[in-house]
Amino acid sequence: MPTVLEPFAPSPGDPWDAVKAAHLLRRAGFGPLPQEVADAVSAGPDGAVTALFAFPPVPDPPPVFGEVRAAEDQADALRRSLPRTLLRKNPELQALYREAQRQHGRSMVDLTAWWLDRMARTPAPLQEKLTLFWHGHFTSSFGDVHDAIAMYNQNQLFRRHAAGNFARLLDGVARDPAMLRYLNNDQNRRGHPNENWARELMELFAMGIGHYTETDVKESARAWTGWTLRDYRSYVDRRTFAFKPLLHDAGTKTFLGHTGAWDGADIMQVILAHPATPQWIAGKLARFFVSPQPDPDLVDAMARQLLATGYEIGPVLRVLFRSRAFYRPDVMYAQVKSPTQFVVGAVRHLGIADPAWPRLAQAMADMGQRLFFPPTVAGWHGDAAWMNAGTVFVRTDVAAGLVGGALGSPDLSPFVSLGAVTRHLLGRPLPLAREAVLGGLATDGVTPGMIHLTLSLPEYQVA
Amino acid sequence: MRSFMTRREFLTKGLTIVAAGATAPMFLTRTALALNNPWDQTLAQSVPGRPAWPTLVVVQLGGGNDGLNTVVPFTHDEYYRARPNLGVPQGKLLRLTDELGLNPALTDLKEIFDQGRLGIVQGVGYPNPNRSHFRSMEIWHTADPAGNGPRSGWLGRLFDSECPDCRIAAGITLSNEMPLAMQGGTDRAVAFENPGRFGFHPIRGAGPVEVEAFRRLLQPVPATEPMVDFLAHTEMNALLAAADIHGIAGGFPKEAGSGYPADPFGQKLRLVSELIAAGASTRVYYVSLGGFDTHATQAGRHDQLLESLGAGLGAFVKDLGQKGLQDRVLIMTFSEFGRRVAENASGGTDHGTAAPMLLIGSAVAPGIHGAHPSLTDLDQGDLKYRIDFRSVYMSVLEQWMGVPSEAILNGRFPAVDILKPRTGEAARPAA
């Protein structure tokens, strides 16, 4: 075990306490409740970390695609009945396609609500937190994919492999219809290579810039030819991966010094064997779970751990969450909550029974994070970039809407005293100066305004 | 010696440095520094031939405006051949020159053209055009087609270089979302749709006491974590910006500027006019009009969009004139791309490339700038650009804003003389 990842050993001077347990649960989830923190304290660090990985089975699809599928079926049926030459000019068919598109767009609202609700209610928040991590890593946007079911399928792919094996997840992503469309590999054909996926795979998904040349991009793009979708003439076929030998360039390619008649699977093997890849993945995990500028020694140690286990994500995270380095003072409270974590966490903390998810999702977009629409192929920048003069007030307005009942019905019964407010929402006491200001607002008891102000504090924006 | 952390320092130097001097009374220091703000209107010095306080209004046409149906090259037969259904008949056009006519929905712009205050830069684009809305919009916002630089906006970099310590919003965007163009390292732009809503709102039932408590809660406290300290700073800056905006909005006249269309675009321009008139020291306003992605049944929709555009800009220009502000404002329109020369089978047009930019103001060199791109020598069915959009940005930055542009645009580009030569002044202040 590399020393930087050696386990945290509780001692009388440095015990496993509520502050550390809450830190673990904030990073591995969205917004722990006092009882969950208490359970993690009594479970001890080993028990608390182990409990994080008890993932439920991957859920059934949300019941939001009925109208989408009906609209698709209508368009597909008419298309099959029409002679090929009339397809482009048939106004009825065009209208059906537009209707199907409208249904896809509409169901994105429901799909987003479904995911947010799952984040708030799941017994295994780490599964959803990792799904969110992969969504920001292997980015695809509905804005380019235009298919809600494909976006859902990709989301499930991330959930299935959330703490699984990176190599297997990568293989799934390379065949994922949403990704094939997002990065245009569905248009990558022999003689007409499209380099988009080949390039981003190396630059953003696996290695980082600087470890390959433009020639490697061009050569691997040739290897990826023919990794496409089954057929464009029906919606279902457009959501199905196919390898098409006729479109594949079977010639010899030289990629990162290896020469052969490579196809995409070979390219992935070369990338996975490259030393930059475990470093890149470890760095992404460390920035997401540890701090915006993680200790390079920590990243190195995580990369070695990844390589030693053949890219298993779960084990490296267990070691990380168990490590002394994870509980260092400069790691705690070093992250800015993403809009997702702010909203889902506040919904949990306030016991909102019926959250107005579509409006909350819109507010999250105003805060800079629109789920299923990452802003670029590089995902969300995160941390300090979340907060500016505009987004601050979106957060404070959402907090007011949640506490005041405009965005769902809160249960404010746990907030019996100022101490309860800060323990419940922050997991620690406030600096005395701030506590004095809050305490001065009411002679006894807690006002909704005090809860709103606490949710608006910088202390609530950090994780 | 500054003992506080600007956002730029935070973003570039990271957390370690904050720990050293984070507990200093940063807000006091910041306020003191604001007195030396080079963009403080009261300190602004007049540049000969230019207004003391040049203001830029950027109008973004989102979705890809069909440039060919906006400024129509009616003498080119290829235009009508490529657009048997969508081509605007010559007889309906608002004739500008022997070659070009404005779409008939743009009567207000024709009037502005006739007054000598409209410049049209033809065939604006960039090398290796990208036909993705997102990517192409990002290219226009970052002014970085290769995508090599930091992901920041050209206007954000303008604020960073010219006004790193401005307190008030150097840029205002009239939407909830901050456009990438305005994002930089120093966070000097603010975004809101309604200046009355931009700010901290107490929960229903609570009152000004809670607002005051929030301000006091954001005072620096000793021995707090660097990120908490940074966020307290950011939140306090937001409060200061909101107070400034409210102070300005409080000075708005009771009766709103008249003659504006009721649509959101017109109302946003009305707000811009009020902010300028009320004395905001903001230098750049950003207003968007979306919906230009006319892949299908373009005819009626595009006319409506142009109607909104023309009527809104027409009312804005009139209003500025009545307020005596016309010499202080330059309006610049752009879209992420134009559209394919040939119409498609759905009565629309697909994503294209080069398109005209409009510049409006009394300083504008009126008329047509550059030649129309060829309608026969095409790149995959699209126009080949003639003028790099960064040339237009460069002229706006140097000739209008009066700042050096090379560092902001990461290079120099062939100049487009879209502004009238300054009177009685030879050398540019630019390096």
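This report concerns the structure included in the present document. Remember, predicted model here, so these are calculated numbers, not experimental data.

With respect to the interface of chain A and chain B
How large an interface is tends to be reported as the accessible area lost when its parts come together.
Part 1: Facing the 37 residues of chain A at the interface are 44 residues of chain B.
Part 2: Among the secondary structure elements, those contributing two or more residues to the side of chain A that touches chain B are helix 19 (389-404), helix 21 (432-439), helix 22 (448-456) and helix 23 (458-461) of chain A.
Part 3: Considering every element that reaches the side of chain A that touches chain B, the biggest residue donor is helix 19 of chain A, with 9 residues.
Part 4: Of the residues assigned to the side of chain A that touches chain B, the class counts are 19 nonpolar, 12 polar and 6 charged.

Here we look at unusual backbone geometry
Glycine aside, negative phi is the norm for most residues, and most peptide bonds take the trans geometry.
Part 1: Of note, L256 of chain A is a non-glycine position whose phi angle comes to about 50°, a positive value.
Part 2: Topologically, L256 of chain A is positioned in the loop between strand 3 (253-255) and strand 4 (258-260).
Part 3: Here L256 of chain A falls in the partly exposed class, since 19 other C-beta atoms lie within 10 Å of it.
Part 4: Positive phi values are uncommon outside glycine, yet Q380 of chain B reaches one of about 50°.
Part 5: Tracing the sequence through the fold places Q380 of chain B in the loop between strand 11 (367-369) and strand 12 (387-388).

Comments concerning the nonpolar core
A general trend in soluble globular proteins is that nonpolar side chains are found buried together.
Part 1: Counting 258 residues, the largest nonpolar core has M302 of chain A together with M332, L359 and V392 of chain B as the members making the most contacts within it.
Part 2: For this core, the leading source of residues is helix 9 (residues 226-249) of chain B, giving 12 residues.
Part 3: Filtering out sequence-adjacent residues up to four positions away, M302 of chain A remains in contact with A282, L285, A286, V316 and L320 of chain A.

Details of the sheet that holds strand 4 (residues 100-102) of chain B
Residue and element names in this part refer to chain B.
Part 1: The strand order across the open sheet built from 3 strands is 2-4-3, with neighbouring strands paired in antiparallel fashion. Whereas interior strands pair on both sides, the edge strands pair on one side only; in this sheet they are strand 2 (71-73) and strand 3 (94-95).
Part 2: Where strand 2 lies against strand 4, 3 bridges are found, and the strand directions are antiparallel. Bridge pairing links V71 to L102 in strand 4.

Quick word on the pairing of strand 10 (residues 355-360) of chain B
Residues and elements named next belong to chain B.
Part 1: Taking burial as the measure, the 6 residues of strand 10 include 6 buried ones, the bulk of the element.
Part 2: As paired elements, strand 5 (residues 118-125) and strand 10 share 5 bridges and run antiparallel to each other. Directly across from V121, in strand 10, lies its bridge partner M357.

Some words on the packing of helix 18 (residues 357-367) of chain A against helix 19 of chain A
Residues and elements named next belong to chain A.
Part 1: Relative orientation of the contacting elements helix 18 and helix 19 amounts to 155°, with a least axis distance of 8 Å. As judged from the angle between their axes, helix 18 and helix 19 are roughly antiparallel. Between helix 18 and helix 19 lies a crossing of left-handed hand. Here helix 18 contributes L360, A363, D366 and M367 to the contact with helix 19, which in turn contributes T391, V394, R395 and V398.
Part 2: Taken together, the residues that form the contact of helix 18 with helix 19 break down as 5 nonpolar, 1 polar and 2 charged.

Overview of the environment of A178 of chain A
All names here are of chain A.
Part 1: Along the chain, A178 turns up in helix 9 (residues 177-182).
Part 2: Classification of A178 by C-beta neighbours within 10 Å gives buried; the count is 27.
Part 3: With 38 residues separating them in the primary sequence, A178 and S140 have C-alpha atoms 6.6 Å apart.
Part 4: What A178 contacts, discounting residues up to four positions off in sequence, is S140, V145, D147, A150, M151, N153 and Q154.

A word on helix 22 of chain A
Part 1: For helix 22 of chain A, a buried count of 9 out of 9 residues is recorded, marking the element as mostly surrounded by other parts of the structure.
Part 2: What helix 22 of chain A keeps buried is the set P448, G449, M450, I451, H452, L453, T454, L455 and S456 of chain A.
Part 3: Where helix 22 of chain A is buried, its residues touch helix 17 (339-349), helix 19, helix 20 (418-426), helix 21 and helix 23 of chain A together with helix 8 (208-217) of chain B.

Focus on the environment of P32 of chain A
Residues and elements named next belong to chain A.
Part 1: Relative to the assigned elements, P32 resides in the loop between helix 1 (18-28) and helix 2 (34-52).
Part 2: In sequence terms P32 and Y152 are 120 residues apart; their C-alpha atoms lie 26 Å from each other.
Part 3: Once residues lying within four places of it in the same chain are set aside, the contact partners of P32 are A22, L25, R26 and V37.

Some points on helix 10 (residues 264-277) of chain B
Residue and element names in this part refer to chain B.
Part 1: Taking 1.5 Å as the rise per residue, helix 10 with 14 residues should run 20 Å; its terminal C-alpha atoms sit 20 Å apart, in good agreement.
Part 2: Residues of helix 10 that are buried include every one of F265, G266, K268, L269, R270, L271, V272, S273, E274, L275 and I276, and no others.
Part 3: For helix 10, the secondary structure elements touched by its buried residues are strand 1 (55-61), strand 6 (171-173), helix 9, strand 8 (284-289), helix 11 (298-322) and strand 9 (329-335).
Part 4: At the exit of helix 10 stands G279, carrying a positive phi of roughly 95°.

A look at the pairing of strand 1 of chain B
Residues and elements named next belong to chain B.
Part 1: Strand 1 sits mainly inside the fold: 7 of its 7 residues count as buried.
Part 2: Burial of the side chains of strand 1 extends over both faces: T55, V57, V59 and L61 are buried on one face and L56, V58 and Q60 on the other.
Part 3: Bridge count for strand 1 against strand 9 is 7 bridges, and the pairing is parallel. Looking across to strand 9, one finds that Q60 is bridged to F334.
Part 4: Bridge count between strand 1 and strand 8: 6 bridges; the pairing is parallel. Across the sheet, V59 pairs through a bridge with V287, a residue of strand 8.

The rules behind these values
- Counting from 1, residues in each chain are numbered in the order their sequence is written.
- All chains are assigned letters beginning with A, and all ligands numbers beginning with 1, in the order in which they are written.
- Local features in a predicted model are, by the rule used here, given only for residues with pLDDT of at least 70; side-chain atom pairs are given and counted only at 80 or more, and totals for whole chains, interfaces and linings are based on all residues.
- Here contacts are defined at the residue level, using C-beta atoms placed from the backbone and a cut-off of 7 Å between them.
- Numbering goes from the N terminus for both helices and strands, where a helix is a DSSP run of H or I of at least four residues and a strand is a run of E of at least two.
- We call Asp, Glu, Lys and Arg charged. Ala, Val, Leu, Ile, Met, Phe, Trp, Tyr, Cys and Pro are nonpolar, and the rest, Gly among them, are polar.
- To sort residues by burial, count the other C-beta atoms lying within 10 Å of each one's C-beta; a count of 20 or more means buried, 12 or fewer means exposed, and anything in between means partly exposed. C-beta atoms are built from the backbone.
- By convention in this section, buried Ala, Val, Leu, Ile, Met, Phe, Trp, Tyr and Cys residues joined through C-beta atoms within 7 Å make up a nonpolar core.
- At least two bridges found by DSSP between two strands is the condition for calling them paired.
- The axes are straight lines fitted to the C-alpha atoms, using for helices just the contacting stretch, and the angles between their N-to-C directions are given from 0 to 180°.
- Oblique is the label for any angle not covered by the other classes, which are roughly parallel (under 35 degrees), roughly antiparallel (over 145) and roughly perpendicular (65 to 115).
- Crossing handedness is defined as follows: a turn of the near helix away from the far one that is anticlockwise and smaller than a right angle gives a left-handed crossing, while the clockwise case is right-handed.
- What a helix should span is 1.5 Å times the count of its residues minus one.

Any link to function would need more than the numbers given here.
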